[in-house]
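Given next are the chains, with one letter for each unit.
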Amino acid sequence: MSKTRVTEQTINTILKFIGSGIRRKDLIRECTKSELSPSELKRKQPGGPYAKCTGKYGYAINSLIETGVIAQDSEKFITLLKQREEAIEVVRRDDKIRTIIQSLIKNKSYSKKDLLLKVVEEFFKQNRDTEATKQSVKSDAGRIYSDLVKSGEISADDDAVELIKPNNGAPQIITKDTLYGMSDEDFVNRSIELLIKYCESCGLSDIEGANIDGSDDGGIDGVITANDALGYKENIIMQVKHVNVKNKKHIKICEIMEFCGVLAAKDGATRGIFITNVSFNENTKKFAKSFKTKYFVLIDGDKWVQLAEKLNYRIVNDN
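Residues numbered from 1 in each chain as written. Predicted model: local features only at pLDDT ≥ 70, side-chain atom pairs only at ≥ 80, totals over all residues. Heavy atoms only, no water.

Considering empty space enclosed by the protein
Part 1 of the argument: A complete count under the given rule lists 1 cavity of 30 Å³ or more for this structure.
Part 2 of the argument: Computed from the structure, the largest cavity encloses a volume of approximately 100 Å³.
Part 3 of the argument: Along the walls of the largest cavity sit 13 residues, with Val 6, Ser 63, Val 91, Asp 94 and Arg 143 positioned nearest its centre.
Part 4 of the argument: At the level of secondary structure, the elements contributing two or more residues to the lining of the largest cavity comprise α4 (49–66), α5 (84–104) and α7 (134–150).
Part 5 of the argument: Examining the composition of the lining of the largest cavity, we find that 5 residues originate from one element, α5, more than from any other.
Part 6 of the argument: Split by residue class, the lining of the largest cavity holds 5 nonpolar, 3 polar and 5 charged. (1 Å grid on protein atoms, 1.4 Å probe; cavity = no way out; pocket = protein on both sides within 12 Å on 5 of 7 lines; lining within 4 Å. Points joined across faces, edges and corners; volume = space filled by probe spheres on them. Helix = DSSP H or I, 4+ residues; strand = E, 2+ residues; numbered from the N terminus. Nonpolar A, V, L, I, M, F, W, Y, C, P; charged D, E, K, R; others polar.)

Shown next as structure tokens:
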């Protein structure tokens, strides 16, 4: 299933758990628990049912925030802004707009500007009794266009928007924009996959990775275990910070210090890795180098992309 589509069933599940307010992580956890079997909930490896389900709900929550159905405050508490029927109508409109975009560019190339104008025109031809405004449809079309670009379904050239021919499963080269466009949950899963691939390139064996992100994660979002040729066991703990606020360029040093405290206290941990899609300032880098209690690594957005390129790690879009 494409990550750019939110279904009515997904919305119904999310709205069922919002109630009077719930933290984002807890909401995703409850939605996931309601959908998966007990055995599937235990399999938290990247690419498994748990990872796919949490990624789906993370993306859906982002979409509902963007469309004004729900709101998220600075503490990541979720509040419902629209009733169920209004929320479902938003999803139906998105599906209609997405279909129009894909049908328009199937046999003809448009500039982005012309495409969005044509989408509005076609939408009102097909939906004469709608209460939507031209501006709201154009705004929704722009958002959906961006989603389709991020998912690799259409080209990103504003002068010539084209459908990428049914090669939907083609590997997508990763850039910093790709990282920015991911949901928080997807970024955790992709980071675990990347580090597993790195461990494989180093000749480690018996490699296992799991996403343990949740409200009671104790400051640890993921773990990777592996063995080297001499039987030495690596037990890597990770904290992953995905930033989707454009004016936040750096991770605060206090966040690094907190994770180092978790790493120092974690029995059996051989090393810690702090991963983000943005950057670390010089003071943060100096502090990380000075931390000698256990082996500690910082991976920022640039290093993430460089490592993905070196390992030939790509994203394959789900259908």
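Concerning the sheet that holds strand β9 (residues 271–276)
Part 1 of the argument: Strand order across the open sheet formed by 5 strands is β5-β6-β7-β9-β11, with mixed pairing between neighbours. Pairing within the sheet leaves two strands with one partner each, and these edge strands are β5 (205–211) and β11 (295–299). Going across the sheet, the axis of each strand differs from the next one's by a mean of 15 degrees, ignoring polarity.
Part 2 of the argument: Bridge count for strand β7 (residues 233–241) against β9 is 6 bridges, and the pairing is parallel. Considered in β9, the bridge of Lys 241 is made with Thr 276.
Part 3 of the argument: Packed on one face of the sheet, helix α9 (residues 184–201) meets β5, β6 (222–227), β7, β9 and β11 and runs near 170 degrees to β5. (Pairing = 2+ DSSP bridges. Axes fitted to C-alpha atoms, helices over the stretch in contact; angles between N-to-C directions. Contact = heavy atoms within 4.5 Å.)

Structural notes on the packing of aromatic side chains
Part 1 of the argument: Across all of its chains, the model carries 7 aromatic pairs by this definition.
Part 2 of the argument: Aromatic pair Phe 123 and Phe 124: ring centres 5.4 Å apart, planes at 85 degrees, arrangement edge-to-face. Of the two residues, Phe 123 and Phe 124, neither departs from the other in class, the shared state being buried.
Part 3 of the argument: Residues Phe 259 and Phe 274 carry aromatic rings whose centres are separated by 5.9 Å and whose planes lie at 75 degrees to one another, so their mutual orientation is edge-to-face. Here Phe 259, found in helix α10 (residues 253–265), pairs with Phe 274, found in strand β9; they are 15 residues apart in sequence, far enough to count as distant.
Part 4 of the argument: On the accessibility criterion, Phe 259 (0% relative accessible area) is buried.
Part 5 of the argument: The rings of Phe 259, Phe 274, Phe 280, Phe 291 and Phe 296 are connected pair by pair, giving a single aromatic cluster. (Phe/Tyr/Trp six-rings, centres within 6.5 Å; stacked < 30°, edge-to-face > 60°. Buried < 20%, exposed > 50% of the residue type's maximum accessible area, 1.4 Å probe, protein only.)

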